[in-house]
Amino acid sequence: MNPALAPLRVRIFRVLWLAGIVSTIGSWMQTVGAQWLLIEHGSPAAVVALVQTAASAPVLLLALPAGVLGEFLNRRTVLIVVQSVQLAVVLVLTGLTIAGTMTPALLLVLTFLLGACSAVQLPAYQAIVPDIVPRPLISDAAVLSSIGVNVARAIGPAAAGLLVAQLGVASVFLANALSFAVFLGALLLWRGYEPPRGRPERFLDATRAGLRYIRHAGVIRGLYLRLALFLLPANALWALLPVVASGTYRMGAGGYGLLLAALGVGSVAGAFVLPPLRRRLSASAVVSLSAAVFGASMVGIILLPSLPLVLAVLVVAGIAWIGVIATINGTVQSFLPVWVRTRGLSIYQLVLFGMTAVGAAVSGAIAGPLGVGPVMVGCGVLLVLLAAVGAARPSVSPAGKGRGIVPLPLTDVPPVLAETETEDGGAASTSSAASGAARPTGADRDHAPVLVLVRYTVPDERRPEFEKRMALVARTRRRTGARDWSLYADREDPAVMVEAFTLGSWQEHVSQHLDRTTEYDAGVLERAKELAVDDPVAEHLIALPVPSRRRA
């Protein structure tokens with residue numbers, strides 16, 4: 001078996017992958033049917049482009065809460081509920097279309113509801129892959145997921161064009177309903193899923209922790225920025241292609257499906273071209289090269305004189321699209337630590353769908369006064385320029401940054417305690433170092449802010465290097481939960497350096513010790529400790545409520 005196909009040996013991944021392809025085929029058919037229904041109603045380009053916006057905009061509202069829910073709820077259950085709701089919405093859409101009562105406004109509202117369901121589903125669906133696939137295969141599984149999306153992109157539009165031509169738009173919506181039923185059936189038949197057990201967190205605290213991690217994770221932040229800068233101009237192609245098909249080439253629904261199928265075929269081919277390319281080039285270089293090729297393809301679609309040449313360019317564009325999307329997605333999935341994976345992927349979806357919504361809306365709006373051709377060419381040129389900048393200033397490389405979770409190197413006196421379940425389901429106190437140490441008592445104190453002070457004794461000659469290394473420690477502390485961080489020098493003893501950071505609660509500090517520290521983080525902390533002459537000494541201070549004053 002081709003190494004790129006190795007994740008398909010995992011039976012449940014194979015079943016969900018195939019069911020996901022069927023469901024995504026239905027979703028692409030839905031998009032084509034909705035866009036073509038608007039074209040039949042004589043809607044302008046800006047309204048047609050709003051189909052993409054309506055499908056993507058809900059992510060702006062729901063991505064973050066969806067990530068938190070997917071982190072702490074059973075992901076299989078989340079998927080079952082969402083698929084059931086989507087099936088119901090599409091059945092309503094089909095019925096209204098058959099009855100002839102569908103209007104452009106109502107179509108966009110129902111498309112928005114389907115987009116809301118996708119916003120809730122996608123982080124849980126992506127995060128479930130590392131639950132069922134061995135870690136070395138996660139990147140290949142991400143590529144296969146992209147293959148599935150693009151197989152659907154190759155088949156769905158062409159199938160939708162044929163159905164619209166033969167049976168009408170309502171048949172496309174009905175086919176989408178059947179695709180949701182297939183995926184729902186696969187989920188219901190899947191038994192034995194054991195979701196990873198995480199430490200419970202309050203909803204707002206969990207949301208803030210996810211955002212804090214992304215803010216202080218340079219690798220992830222750089223990848224999301226590259227993704228956003230690519231998607232904003234690139235989505236002009238997806239949003240305006242139906243107008244290009246009907247206006248420039250005088251095509252019907254079947255011709256539009258043919259153009260999208262060419263893009264899909266290229267995307268599938270790109271999934272097989274990508275692995276050897278990744279072995280020769282860094283992830284940043286692959287993204288830059290692919291973005292430049294996609295931009296040049298957008299220009300070629302408008303300027304080339306014949307349809308066969310345009311179809312060939314669309315195949316190349318599909319290869320370039322998968323080069324950007326699959327590379328970034330696979331790198332993100334492999335890099336995010338398990339404790340924040342779903343929340344991190346929800347922000348990935350926020351960028352992906354948010355920029356799709358904005359890009360589609362902007363390109364549709366400016367295509368009215370400027371024309372479709374100039375907008376496509378301008379966006380293509382912009383992509384080439386952005387790719388050149390990305391090649392000159394590559395993203396931070398994730399290579400060599402260990403992602404496994406390890407216990408935080410012990411700097412606590414007394415040792416930090418956590419509560420773990422006993423075999424009979426009760427709570428028992430355990431220590432990351434030894435049992436028997438004291439622990440703050442009272443549920444109110446467990447949720448009160450915590451100030452941690454860590455004292456290091458560092459000789460004068462080592463202080464410049466120590467301060468340099470502590471700058472990396474600050475990022476590690478913030479990624480794993482610290483809300484504020486500072487480094488102090490003791491006024492009475494200049495050899496003593498004090499690290500001070502605050503967390504939202506004692507429970508969060510316990511999570512920082514036991515659940516959130518990666519191998520890379522542990523290495524950063526250890527390299528700072530090497531410069532101290534003795535083991536660091538830590539203190540934990542728990543905030544108490546300020547007594548309220550009564551008026552005399």
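Bear in mind that the values here come from a model prediction, so they are computed numbers and not experimental data. (Residues numbered from 1 in each chain as written. Predicted model: local features only at pLDDT ≥ 70, side-chain atom pairs only at ≥ 80, totals over all residues. Heavy atoms only, no water.)

**Q** Which parts of the structure should I look at to understand the overall build of the chain?
**A** Each helix and strand in the chain was counted, giving 18 helices and 6 strands. Looking at the chain as a whole, 53% of its 552 residues are labelled buried. Restricting to contacts in the chain with at least 6 residues of sequence separation, those with at least 24 account for 82%. Carbon and sulfur atoms make up 64% of the accessible area of the chain, which amounts to about 23700 Å² in all. (Helix = DSSP H or I, 4+ residues; strand = E, 2+ residues; numbered from the N terminus. Buried < 20%, exposed > 50% of the residue type's maximum accessible area, 1.4 Å probe, protein only. Contact = heavy atoms within 4.5 Å. Areas by Shrake-Rupley, 256 points an atom, 1.4 Å probe, with all protein chains shown as cover.)

**Q** Would you mind showing me how to read the sheet that holds strand β5 (residues 496–503) here?
**A** Pairing between the strands of a sheet is mediated by backbone hydrogen bonds and can be parallel or antiparallel. Read from one edge of the open sheet, 4 strands run β4-β5-β3-β6, paired in antiparallel fashion. On the outer flanks of this sheet lie β4 (484–489) and β6 (537–542), each paired with one strand and no other. Here the average twist between neighbouring strands, direction ignored, is 15°. Pairing geometry for strand β3 (residues 450–457) and β6, over 6 bridges, is antiparallel. Paired with Val 450 across the strands is Ile 542, a residue of β6. Each of β3, β5 and β6 touches helix α17 (residues 506–514); the most contacted strand, β5, lies at about 115° to it. (Pairing = 2+ DSSP bridges. Axes fitted to C-alpha atoms, helices over the stretch in contact; angles between N-to-C directions.)

**Q** What am I meant to see in a nonpolar patch on the surface here?
**A** Where nonpolar side chains cluster on the molecular surface, the patch consists of Leu 60, Leu 61, Val 109, Phe 112 and Leu 113 and spans about 460 Å² of accessible area. Listed by contribution, the elements that provide at least two residues to the nonpolar patch are α3 (58–72) and α5 (104–132). Looking at the nonpolar patch element by element, the count peaks at 3 residues for α5. For Leu 60, the position within the fold is in helix α3. (Patch = residues over 30% accessible without salt bridge, like charges linked within 9 Å, V, L, I, M, F, W, Y side chains within 5 Å. Salt bridge = Lys/Arg side-chain N within 4 Å of Asp/Glu carboxyl O.)

**Q** What is the right way to look at the packing of helix α1 (residues 11–40) against helix α7 (residues 169–189) in this model?
**A** Helix-helix packing is characterised by the crossing angle of the two axes and by the distance between the axes. Interhelical geometry of α1 versus α7 gives an angle of 160° and a closest axis separation of 8 Å. As summarised for this structure, α1 and α7 are arranged roughly antiparallel, according to the angle between their axes. Of the two elements, α1 crosses α7, and the hand of that crossing is left-handed. (Parallel < 35°, antiparallel > 145°, perpendicular 65-115°, else oblique. Left-handed = near helix turned anticlockwise from the far one by under 90°.)

**Q** How should the packing of aromatic side chains be read in this particular structure?
**A** Geometrically, a pair of aromatic rings is defined through the distance of the ring centres and the angle of the planes. For the coordinates displayed, the defined rule picks out 8 aromatic pairs. When the ring of Trp 238 is compared with that of Trp 321, the centres are 5.2 Å apart and the planes differ by 75°; the resulting orientation is edge-to-face. Of this pair, Trp 238 sits in helix α9 (residues 218–248) while Trp 321 sits in helix α12 (residues 307–335); the two residues are 83 residues apart in sequence, bridging distant segments of the chain. Pair check on accessibility: Trp 238 and Trp 321 agree, each one buried. The rings of Phe 230, Trp 238, Phe 294 and Trp 321 are connected pair by pair, giving a single aromatic cluster. (Phe/Tyr/Trp six-rings, centres within 6.5 Å; stacked < 30°, edge-to-face > 60°.)

**Q** How should helix α13 (residues 341–370) be read in this particular structure?
**A** Since there are 3.6 residues in each turn of an α-helix, residues three or four apart along the chain are aligned in direction. In this model, α13 (30 residues) spans 42 Å end to end at C-alpha, consistent with the 44 Å of a helix rising 1.5 Å per residue. Of the residues flanking the end of α13, it is Gly 371, one or two places downstream, whose phi is positive at about 100°. (Expected span 1.5 Å × (residues − 1).)

**Q** When you look at α17 in this model, what are you seeing that I'm missing?
**A** For α17, a buried count of 7 out of 9 residues is recorded, marking the element as mostly surrounded by other parts of the structure. Looking only at α17, the buried set comprises Trp 506, Glu 508, His 509, Val 510, Ser 511, Gln 512 and His 513.

**Q** Help me understand the pattern of salt bridges in this model?
**A** Close approach of charged atoms lets side chains of opposite charge pair. Evaluated as defined, the whole model comprises 13 salt bridges. Put simply, Asp 205, Arg 208, Arg 212, Arg 483, Glu 508 and Arg 516 are held in one network by salt bridges that share partners.

**Q** What's the story with the packing of α1 against α5 in this structure? I'm lost.
**A** Packing of α1 against α5 leaves a shortest axis separation of 12 Å and a crossing angle of 160°. Overall, the two elements α1 and α5 adopt an arrangement that is roughly antiparallel. Taken as a pair, α1 and α5 cross one another with a handedness that is left-handed. Contact residues: Ile 12, Phe 13, Leu 16, Trp 17, Gly 20, Gln 30, Ala 34, Leu 37 and Leu 38 in α1; Pro 104, Leu 107, Leu 114, Tyr 125, Val 129 and Ile 132 in α5. Within the contact of α1 with α5, the residues separate by chemical class into 13 nonpolar, 2 polar and no charged. (Nonpolar A, V, L, I, M, F, W, Y, C, P; charged D, E, K, R; others polar.)

**Q** Explain the side chain of Thr 97 to me, please; I cannot follow it from the model alone.
**A** Within the element layout of this structure, Thr 97 appears in helix α4 (residues 75–99). Ignoring sequence-local partners within four residues, the contact set of Thr 97 consists of Met 102, Ala 170 and Phe 173.

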